[in-house]
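Structural features, examined
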Amino acid sequence: MIRTAVSSKARLGRRGALRVAGGGAAAAVLIGSGPARSANASIDIVHFFSGADHPMELVIKAFNQKNLGVTAVSRQEGTTYEAITQKAMAGIAAGRPPAVMTTGWKLASFAKHTLGAQDIRGAGADGNAVLENYKPDVIKMVTVDGAVMGIPWALSTPVLYINMDHWKAAGLDPAAIPTTVEDLYVKLAQLQQKTGKSALAYEVNEWEPQAFIQNAGGDVLDSGGKPVMDSPAAIYGMEKFVEAKTKGLWKPIGLGEMLTAFQAGALGAMVTSSARLSGIKAQTAFEIKLAKMPGLEGKARRMNSGGNFLAILARNKEQQAAALQFLKFCATPEAMKLWLATGYLNTTKHELPMPAGQEAAYAQLADGLTPETVWPGARGLEALKVHIDWISRIVNGSATVANGLKGSKDAVAKLLA
């Protein structure tokens, strides 16, 4: 899931093993079958991807050029999953739900219980035909209480971005990319000392800390949805996350500032979504290397994924049928090929070319990824925000790791009770 800009206090909202690398025979979907119930239906597609040339806009344009009796209208609302979800809630309350909305997999339960997202299989044969294009393990990520909340549209994973010009200038071996956080911190200390550049930046949200918690052997929520983010393993993982700040390698900043700093050559390395590569490369002239996110020394790697899904929120049958027409197109190789230009990973069975530079992300995917934390129930969005707030307090130094994670657990438990 692409994460978006946060404040200078570094507060932000952002995510069974998967093996969903492109491959396998594509299931047939007849885009022209099952026409919408109105000859000229118009549906709103709510998302947060900006720019007329963004792949999301190109997918919508390509769909409209099919002239299937449905016109998809692009509505870019908000810049985070949390913001776009709150906006949708306002529309629903006013009796104007969007026909289709993209939101994070972490909010799949919330989409069902609060937004009223439709089980795509409720559309009968057409709904099931759409899902045939996706790997079963990916479909599970958008399945809540036995209901499939939409199509798995975007898949990403946190990876390490390295400015190889700075890496080489520091005398570091380009072939010796760290596989553990401990080794990474040692090498980045050398980079900072030799080049005078800031060493590292992490995103401050719930997503990247989840990677550290899981790589330490812990979890944020257990399989039953109970908060367990204050376990000894989770505490150890979070301590490794903030250790970079303690060592003077990381000065927490907002995501927008982090990306700008990296693109300007002021950072040696950063950890962010694999889906950002194409946008970052378009703004830089130096060599960028993507590497698997380092694990923790002596611990088994257990990396997480992130991303978003397209859900049908329409209430009336005509709008639902029209929305399904759009999702049918999104499930085709044509649409997915356009979408992969974002840098998101291939969620389908279609055999499509791997975007250049994404080898590390696909290798991490092939190793196996867990879903990002799914915040359950009608108050899942509130619980997510509370957890992010406690993560921010830990990073900003207003709470210790142990106290911050305990505070998050207690607050989240009350909301999810």
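Refer to the preceding data block for the structure.
The following paragraphs examine the structure supplied in this document. As the structure is a computational prediction, the values presented were derived from the model and not from experiment.

1. Considering the overall build of the chain
Per the secondary structure count, the chain includes 16 helices and eleven strands. With the C-alpha coordinates of the chain rotated into their principal frame, the extents come out at 65 × 45 × 35 Å. Per-residue burial over the chain gives 57% buried out of 417 residues. Surface summary for the chain: the accessible area is close to 15,500 Å², and the carbon and sulfur share equals 52%. Charge separation in the chain, taken as the distance between the mean sites of 44 positive and 34 negative side-chain charges, equals 2 Å.

2. So, the pattern of salt bridges
Overall, the coordinates contain 21 salt bridges when judged by the stated rule. Between Lys106 and Glu206 there is a salt bridge, with the nearest N and O atoms lying 3.0 Å from each other. Here the residue Lys106 occupies a position in the loop between β3 (100-104) and α3 (108-115), and Glu206 occupies one in the loop between β8 (198-201) and α8 (207-215), the gap between them amounting to 100 residues. Considered together, Lys106 and Glu206 belong to a single accessibility category, that of buried residues. Among the ionic contacts, a cluster of salt bridges with common partners joins Glu182, Lys240, Glu243 and Lys247.

3. Notes on the nonpolar core
Counting residues in hydrophobic clusters, the biggest one holds 134 residues, and the most contacted among them are Tyr202 and Phe326. Of the domains in this structure, domain 2 (36-156 + 307-368) and domain 3 (158-304 + 377-416) are the two that each give at least three residues to this core. Residue contacts for Tyr202: discarding those within four places in its chain leaves Leu184, Tyr185, Glu208, Phe212, Phe241, Ala244, Trp250, Met258 and Val271.

4. Remarks on the sheet that holds strand β6 (residues 151-156)
A sheet is described by the order of its strands in space; here five strands give the open sequence β2-β1-β3-β11-β6, paired in mixed fashion. Among the strands making up the open sheet, the edge pair consists of β2 (70-76) and β6. For this sheet, the mean angle separating the axes of adjacent strands, direction not counted, is 20°. Two elements, strand β1 (residues 41-47) and β2, share seven bridges in a ladder whose sense is parallel. From the neighbouring strand, Ser42 faces β2, where its bridge partner is Thr71. Across the sheet, helix α2 (residues 81-93) is in contact with β1, β3 and β11 (306-312); its angle to β3 comes to roughly 145°. Sheet strands in contact with helix α12 (residues 317-330) are β1, β2, β3, β6 and β11, and its direction is about 60° off that of β1.

5. A look at α3
Among all positions in α3, only Ala108, Ser109, Phe110, Ala111 and Leu115 are buried. Gly116 sits one or two residues past α3 and shows a positive phi near 75°.

6. Things to note about the environment of Gly307
Relative to the elements of secondary structure, Gly307 occurs in strand β11. Among the residues examined, Gly307 registers a relative accessible area of 0% and is labelled buried. Sequence spacing of Gly307 and Leu259 is 48 residues, and the spatial spacing of their C-alpha atoms is 19 Å.

7. Description of the packing of aromatic side chains
Taken as a whole and assessed by the stated rule, the structure comprises 14 aromatic pairs. Seen in terms of ring centroids, Phe63 and Phe326 are 5.3 Å apart; in terms of plane orientation they differ by 90°. Their pairing is edge-to-face. Of this pair, Phe63 sits in helix α1 (residues 55-64) while Phe326 sits in helix α12, and the two are 263 residues apart along the sequence. Like Phe63, the residue Phe326 is buried in the burial classification. Sitting over the face of the ring of Tyr236, Lys299 holds its NZ or CZ atom 5.4 Å from the ring centroid. If you follow Arg393 out to its NZ or CZ, it ends over the ring of Trp390, 4.0 Å from the centre.

The rules behind the values
Residues numbered from 1 in each chain as written. Predicted model: local features only at pLDDT ≥ 70, side-chain atom pairs only at ≥ 80, totals over all residues. Heavy atoms only, no water. Helix = DSSP H or I, 4+ residues; strand = E, 2+ residues; numbered from the N terminus. Buried < 20%, exposed > 50% of the residue type's maximum accessible area, 1.4 Å probe, protein only. Areas by Shrake-Rupley, 256 points an atom, 1.4 Å probe, with all protein chains shown as cover. Lys, Arg positive; Asp, Glu negative; His and termini not counted. Charge placed at Lys NZ, Arg CZ, Asp CG, Glu CD. Salt bridge = Lys/Arg side-chain N within 4 Å of Asp/Glu carboxyl O. Core = buried A, V, L, I, M, F, W, Y, C linked by side-chain atoms within 4.5 Å. Domains from an automatic or database assignment. Contact = heavy atoms within 4.5 Å. Pairing = 2+ DSSP bridges. Axes fitted to C-alpha atoms, helices over the stretch in contact; angles between N-to-C directions. Phe/Tyr/Trp six-rings, centres within 6.5 Å; stacked < 30°, edge-to-face > 60°. Lys NZ or Arg CZ within 6 Å of the ring centre and 35° of its normal.

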